[in-house]
Amino acid sequence: REDQLWAGVISRGPTKKILTSTFQNREQETYLDDLGRVVFSILKTVPGGVLLVFASYIQMKICQDRWKATRLWEAMGKQKTLFQEPQNS
């Protein structure tokens, strides 16, 4: 059903930081933190499951490491059960 899926691009985070996942940007803490806040907000808002897709496993690990360091990962896990596709799948 059309009302069960939304696909889109979110260009700015809660602090109005432009969310551009470039090589130069991908390790900047301000970018990672704002991206994490957007994901957390979505997890709180969407009643069902959420699928988050990264451009690469490296980018996913960078985000995950930062979100764990800031305890955002833990907060995300309280909103939804978190699953991660293994790199060797």
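Attention here is on the structure that accompanies the text.

Basis of the calculations
- Residues numbered from 1 in each chain as written.
- Predicted model: local features only at pLDDT ≥ 70, side-chain atom pairs only at ≥ 80, totals over all residues.
- Heavy atoms only, no water.
- Helix = DSSP H or I, 4+ residues; strand = E, 2+ residues; numbered from the N terminus.
- Core = buried A, V, L, I, M, F, W, Y, C linked by side-chain atoms within 4.5 Å.
- Buried < 20%, exposed > 50% of the residue type's maximum accessible area, 1.4 Å probe, protein only.
- Contact = heavy atoms within 4.5 Å.
- Salt bridge = Lys/Arg side-chain N within 4 Å of Asp/Glu carboxyl O.

Bringing the environment of arginine 71 into the picture now. In this fold, arginine 71 is placed in the loop between helix H2 (57-69) and helix H3 (72-79). Linking arginine 71 and valine 38, residues 33 residues apart in sequence, is a C-alpha distance of 15 Å.

The subject of this paragraph is the nonpolar core. Core analysis: the biggest nonpolar cluster contains 13 residues, and Leu35, Trp67 and Met76 have the highest contact counts within it. When residues of this core are assigned to their parent elements, the largest contribution, seven residues, is made by helix H1 (residues 29-45). With residues up to four places along the chain from it excluded, the contact list for tryptophan 67 reads Leu32, Leu35, Gly36, Val39, Leu52, Phe54, Leu72, Trp73 and Met76.

Counted according to the given criterion, the structure contains six salt bridges. Across the salt bridge formed by glutamate 74 and arginine 71, the nearest N and O atoms sit 2.8 Å from each other. Classification of arginine 71 as exposed rests on a relative accessible area of 55%. Among the charged side chains, a salt-bridge network with shared partners connects Glu29, Asp33 and Arg66.

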